[in-house]
Structures are given as C-alpha cells and as structure tokens.
Amino acid sequence: MEHLDVQFVGSYVSEGSCPAVTLPEYAFIGRSNVGKSSLINMLCQRKNLARVSNTPGKTQLINIFTVNTDWQLIDLPGYGFAKVSKKQRAKFELMIEGYLKNRTSLQCTFVLIDARHTLQAIDKEFINWLGSQSIAFVIVFTKTDKLKAHEIEKNIENINKELLQTWAELPQQFVTSSKTKLGRDNILDFISNINKMLGEN
Ligand code: GTP
Ligand code: MG
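A brief report on the enclosed structure follows.

Rules used throughout
Residues numbered from 1 in each chain as written. Chains lettered and ligands numbered in written order. Predicted model: local features only at pLDDT ≥ 70, side-chain atom pairs only at ≥ 80, totals over all residues. Heavy atoms only, no water. Helix = DSSP H or I, 4+ residues; strand = E, 2+ residues; numbered from the N terminus. Expected span 1.5 Å × (residues − 1). Buried < 20%, exposed > 50% of the residue type's maximum accessible area, 1.4 Å probe, protein only. Arc of directions from axis to C-beta. Contact = heavy atoms within 4.5 Å. Phe/Tyr/Trp six-rings, centres within 6.5 Å; stacked < 30°, edge-to-face > 60°.

Let's shift gears to helix α4 (residues 149-163). Taking 1.5 Å as the rise per residue, α4 with 15 residues should run 21 Å; its terminal C-alpha atoms sit 21 Å apart, in good agreement. Those residues of α4 that sit buried are I152, N155, I156, I159, N160 and L163. For α4, the angular spread of the buried residues around the axis is 135°, confining them to a single face. Facing away from the buried side of α4 by more than 90 degrees, the exposed set consists of H150, E153 and K161. Looking at the buried residues of α4, the elements they touch are β5 (106-114), α3 (121-132), β6 (137-142) and β7 (173-175).

Below is the structure:
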C-alpha cells in the first residue's frame with residue numbers, strides 16, 4: 001500500500017488568508033458527519049491527522065495538508081449542519097464557497113455522500129451549485145462497510161437516477177470505506193494521474 005508523507009500546513013478562516021498557491025490542491029467536502037476527516041485519515045494512513053468526531057460540525061476551518069511535497073489536500077467544514085446558528089452556518093458557507101470559487105490551484109473537489117441514504121436535498125443543491133460555478137468534482141460514497149454489497153449497489157443506483165434528472169452525464173465516482181480502506185488506491189491513482197498531466201504541461 002502506497003505510503004504518503006503528509007505535513008499539516010495550517011487552518012484558515014478564509015481563502016484569502018490561505019498561503020499563496022504553490023501546489024495542485026484537492027478538496028474534500030460533504031455534509032457534516034459524512035466522514036470527510038475519516039476519509040482523509042484513511043488516505044493518509046494516519047489516525048488523528050484530521051479530527052474525527054461523533055458530533056457533527058467538528059471541522060470548522062479550512063485545513064491544508066501537503067502530501068509527498070507535490071500536492072495539497074484540503075479538509076473543509078461540513079455543510080448543512082442544522083445545530084449551528086444561522087449566522088454560523090452562513091459563515092461556513094461563505095468560507096467553503098469562497099475557497100472553491102477562488103482557489104486557482106484547486107484541481108478537483110471530492111464530494112462525499114453517505115452510501116446508506118438517499119440523495120439529500122442539501123447534497124443535490126451543493127452539487128448543482130458546483131455545476132453552476134463550473135467547479136470540477138467527483139463523488140465519493142462513504143461508510144460502505146455498514147452495508148451489504150447489494151444495498152450499496154441499489155443505493156448508488158438510486159442516487160445516480162436522481163442526479164441524472166439534472167445532469168446529462170454522471171461524474172466519476174469512488175466507493176469507499178474508511179474502516180476497510182476500500183477505494184484508497186483508486187482515489188490516490190486518480191489524484192496522481194492529474195498531477196502527472198499537470199507536470200507534463
Ligand atoms: P464534520 O467534520 O463534523 O463535518 O464531520 P466529518 O465529515 O469530518 O466526519 P467524521 O470523519 O468526523 O466522521 C463522523 C462519524 O462517522 C465518526 O463517528 C466516524 O467514526 C464515522 N465514520 C466515518 N467514516 C466511516 C466509515 O467509512 N465507516 C464507518 N463504519 N464509520 C465511519
Ligand atoms: Mg471533519
């Protein structure tokens with residue numbers, strides 16, 4: 001299994017306060033509690049690199065990590081967390097949207113979706129917003145260890161049916177589990193291929 005050398009760069013309140021752009025960046029985003037921090041820890045093979053919690057709303061800043069000195073991984077706060085105040089939620093949204101819209105080194109956004117549920121309105125809204133801003137994204141299905149193979153297949157099929165109501169084509173998708181490490185190699189290969197293409201240009 002590929003070893004990654006990961007360095008924490010810092011936590012930032014806005015895109016404007018992030019360090020100057022140097023390396024290609026890959027952002028991880030999704031509903032609060034969907035498993036973003038767990039997925040990042042799984043990809044990096046580190047237990048507590050990104051903080052995992054049963055309480056939604058754990059990640060509240062833009063966290064940047066440098067991987068193998070040649071790309072950066074971004075852990076963003078979750079969206080749609082009902083238990084924070086309206087004001088706080090608007091602040092998170094501005095932080096997320098500001099980063100995704102303005103960060104010129106952003107290559108791809110990984111949108112995490114819990115494979116156990118139907119497509120939530122907030123996920124659909126967020127995906128449509130990415131489309132309206134022409135922000136490149138892929139989908140990552142999380143927590144698949146909690147389901148049987150046929151349930152995963154059925155749920156993903158339903159989610160894709162829903163997506164095809166608004167989208168002509170489906171984005172690339174990864175089926176993952178932070179517990180079993182399913183999908184790790186596929187995601188890392190995907191990132192590494194983009195980095196290679198960028199290096200060739
Ligand atoms: P916020 O930072 O609050 O937005 O949450 P998050 O999206 O970073 O989620 P986090 O990684 O903190 O995980 C939330 C909960 O889901 C934790 O209790 C994790 O242990 C659990 N979890 C995450 N991924 C998986 C997975 O693949 N399998 C299982 N079984 N549990 C998972
Ligand atoms: Mg988190």
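From this point, things continue past the structure.
Evaluation of the coordinates by the stated rule reveals nine aromatic pairs. Arranged with centres 5.4 Å apart and planes meeting at 55°, the rings of F8 and F65 form a pair that is tilted. Here F8 is found in strand β1 (residues 6-12), whereas its partner F65 is found in strand β3 (residues 62-67), with 57 residues between them in sequence. With a centroid separation of 6.3 Å and an interplanar angle of 40°, the aromatic rings of F110 and F174 are classed as tilted. With a gap of 64 residues between them, F110 in strand β5 and F174 in strand β7 connect regions that are remote in the sequence. A relative accessible area of 5% means that F174 is categorised as buried. Grouping aromatic residues by their ring pairs yields a cluster made of F28, F110, F174 and F190.

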